[in-house]
Amino acid sequence: MDPSTIIGLFLAFGSVVAMVTLEDANLMALLLPAPMVLVFGATLAVGLAGNTFRDTVRAFKDLPKAFKGKTDKPQDSIDQLIGFAEKARSEGLLSLEEAAVDEKDPFLARALQNIADGTDAEELRILMEDEIDSKMRSDHVSAKFFASLGGYAPTIGIIGTVVSLTHVLENLSSPDHLGPMIASAFVATLWGLLSANFIWLPFSSRLKRLSELEIERMTLLMEGMLAVQNGTQPLLLAERLRAMVPPDRLGKAKSAKKSDDDEARPGKFASSKAA
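Since we're looking at a predicted model, the values are computed, not measured.

1. Overview of the layout of surface pockets
Line of reasoning, step 1. Within this model, the largest pocket holds a volume of roughly 610 Å³.
Line of reasoning, step 2. For the lining of the largest pocket, the elements supplying multiple residues, two or more each, are α3 (53-68), α4 (74-91), α7 (121-169) and α9 (187-229).
Line of reasoning, step 3. Looking at which element gives the most residues to the lining of the largest pocket, the answer is α9, with eight residues.
Line of reasoning, step 4. By residue class, the composition of the lining of the largest pocket is eight nonpolar, five polar and 11 charged.

So, in C-alpha cells, the structure goes:
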C-alpha cells in the first residue's frame, strides 16, 4: 500500500486548520452544512449528468485504489520473467502451462497459456496489446470523471456564494447581521475550491498515475513473454527488460542462472548482445 494520498490529504487539510488556528478564527465557522451540501451534492449531481451512470459507478468503484493502490516493483516482474525464461529453455514452452495454472495475475496467466498452446508470436502480441489498450481506456474513464468534478466544484461554490449574497441583500435593514451573513456566503466558494484542489483533482491525478504504472508493468510483461516465446537467453532478457525501466525505479537484480546450453557455448551471449 502506498500511503501518499492519505498523507497528502492529511497535510493539506491540516494546513488549513493550522491557518485558521494561527489567525484565532473559529474553525466551526467553515463547517456550515448548507454550503457544504450545495457544493458536494451539486458537484456529484452535475458529474453524473455529464457522464453515463455506468461511468459514475465505475469511478467510485475505482476510488479505493487512490488510497490503497499498490505500485509493484518493476524488478519483481523482471525476476519473474527471467524465471519463466529459464523454465522454458530447460523444460520447453509446454512447461509454462503449469505456471499459468499457478499464476494469480490474469494478464500474465493468459500469456503463459497462449504460449503453451503454441499461439503465433504476432497474434500473441496483438492480443496482449489489445488488452493493454482496453485497460488504459477503462482507467481513463475514472480519472476523467474526478477531473470533471474538480472543474465543476469551484463554479458551484461561486453559485452558492451568489445565492447567499442574494439573501444578504434581502436583509440590509439589519446591519448587525450583515457581517456574519457575508462571511457565511463565502464559505461556499471556499468549499468549492477546497473540494476541487484537495479532493477531486488529487483523486484524478492519483488514479491516472496508478494506471500509467500498471500499463508500464503490463507492457514490460508483454515484451518479456514474447521474448520467452522467442527463446531469448535469460541474461540477455534481463538486460533488455532493465533497459525498459527508468534507473530510479530499478531494484537490485537477481542473478539469472545459466543453462547448460549457455555454458556449452560461452560466445553465444556475447554475440547476441552485440547484435
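Once you've had a look at it, read on.
2. Here we look at the nonpolar core
Line of reasoning, step 1. Among the nonpolar cores identified, the biggest contains 30 residues, and Phe84, Leu96, Leu112, Met225 and Val228 are the most heavily contacted of them.
Line of reasoning, step 2. When near neighbours in sequence (up to four residues on either side) are disregarded, Leu112 contacts Phe84, Leu96, Ala99, Ala100, Glu103 and Met225.

3. Quick notes on a negative patch on the surface
Line of reasoning, step 1. A contiguous patch of negative charge on the surface is contributed by Asp120, Glu122, Glu123 and Asp130.
Line of reasoning, step 2. Mapped onto the fold, Asp130 is located in helix α7.

4. Considering the packing of aromatic side chains
Line of reasoning, step 1. A complete count under the given rule lists 10 aromatic pairs for this structure.
Line of reasoning, step 2. Aromatic pair Phe146 and Trp200: ring centres 6.2 Å apart, planes at 10°, arrangement stacked. Residue Phe146 is located in helix α7, and its partner Trp200 is located in helix α9; the two are separated by 54 residues in the primary sequence.
Line of reasoning, step 3. By relative accessible area, Trp200 is classed as buried at 6%.
Line of reasoning, step 4. Judged by its relative accessible area of 0%, Phe146 falls in the buried class.
Line of reasoning, step 5. Members of the aromatic cluster, each reached through a chain of ring pairs, are Phe40, Phe60, Phe67, Phe145, Phe146, Trp191, Trp200 and Phe203.

5. Quick notes on helix α1 (residues 4-22)
Line of reasoning, step 1. With 19 residues, α1 extends 26 Å between its outermost C-alpha atoms, agreeing within 8% with the 27 Å of an ideal straight helix rising 1.5 Å per residue.
Line of reasoning, step 2. Once α1 finishes, Asp24 follows within two positions and takes phi at roughly 55°, a positive value.

Rules behind the numbers
- Numbering of residues starts from 1 in each chain and follows the order in which that chain's sequence is written.
- Since the coordinates come from a predicted model, pLDDT governs what is reported: local features require at least 70, and pairs of side-chain atoms require 80 or more to be given and counted, while whole-chain, interface and lining totals use all residues.
- Only hydrogens and water are set aside when side-chain values are computed; all heavy atoms of the structure are taken into account.
- Whether a set of points on the 1 Å grid over the protein atoms alone is a cavity depends on a 1.4 Å probe fitting there but being unable to get out, while an open set qualifies as a pocket with protein on both sides within 12 Å along at least five of seven lines; lining residues are those with an atom within 4 Å of a point.
- Grid points are joined across faces, edges and corners, and a volume is the space filled by probe spheres set on the points.
- The helix and strand labels rest on DSSP assignments: H or I over at least four residues marks a helix, E over at least two residues marks a strand, and numbering proceeds from the N terminus.
- Side-chain classes follow a simple rule in which Ala, Val, Leu, Ile, Met, Phe, Trp, Tyr, Cys and Pro form the nonpolar group, Asp, Glu, Lys and Arg form the charged group, and the remainder, Gly included, forms the polar group.
- The term nonpolar core refers to a set of buried residues drawn from Ala, Val, Leu, Ile, Met, Phe, Trp, Tyr and Cys, joined through side-chain atoms within 4.5 Å.
- Burial status follows relative accessibility: with a 1.4 Å probe on protein chains alone, a residue under 20% of its type maximum counts as buried, one over 50% as exposed, and anything between as partly exposed.
- In this description, contact between two residues means that some pair of their heavy atoms is separated by no more than 4.5 Å.
- Note on patches: the residues involved have over 30% relative accessible area and no salt bridge, like charges join within 9 Å, and the nonpolar side chains Val, Leu, Ile, Met, Phe, Trp and Tyr join within 5 Å.
- Computed with the Shrake-Rupley method and a 1.4 Å probe, the accessible areas treat only the protein chains shown as cover for residues.
- Take a side-chain nitrogen of Lys or Arg and a carboxyl oxygen of Asp or Glu: if they are within 4 Å of each other, that pair is a salt bridge.
- When charges are tallied, Lys and Arg are placed among the positive residues and Asp and Glu among the negative ones, while His and the ends of the chain are skipped.
- Every charge is mapped to an atom, namely NZ of Lys, CZ of Arg, CG of Asp or CD of Glu.
- Stacked, tilted and edge-to-face are the three classes applied to pairs of Phe, Tyr and Trp rings, where Trp contributes its six-membered ring and a pair requires centres within 6.5 Å; stacked means planes under 30 degrees apart, edge-to-face means over 60, and tilted covers the rest.
- Expected span, for any helix, means 1.5 Å times one less than how many residues it has.

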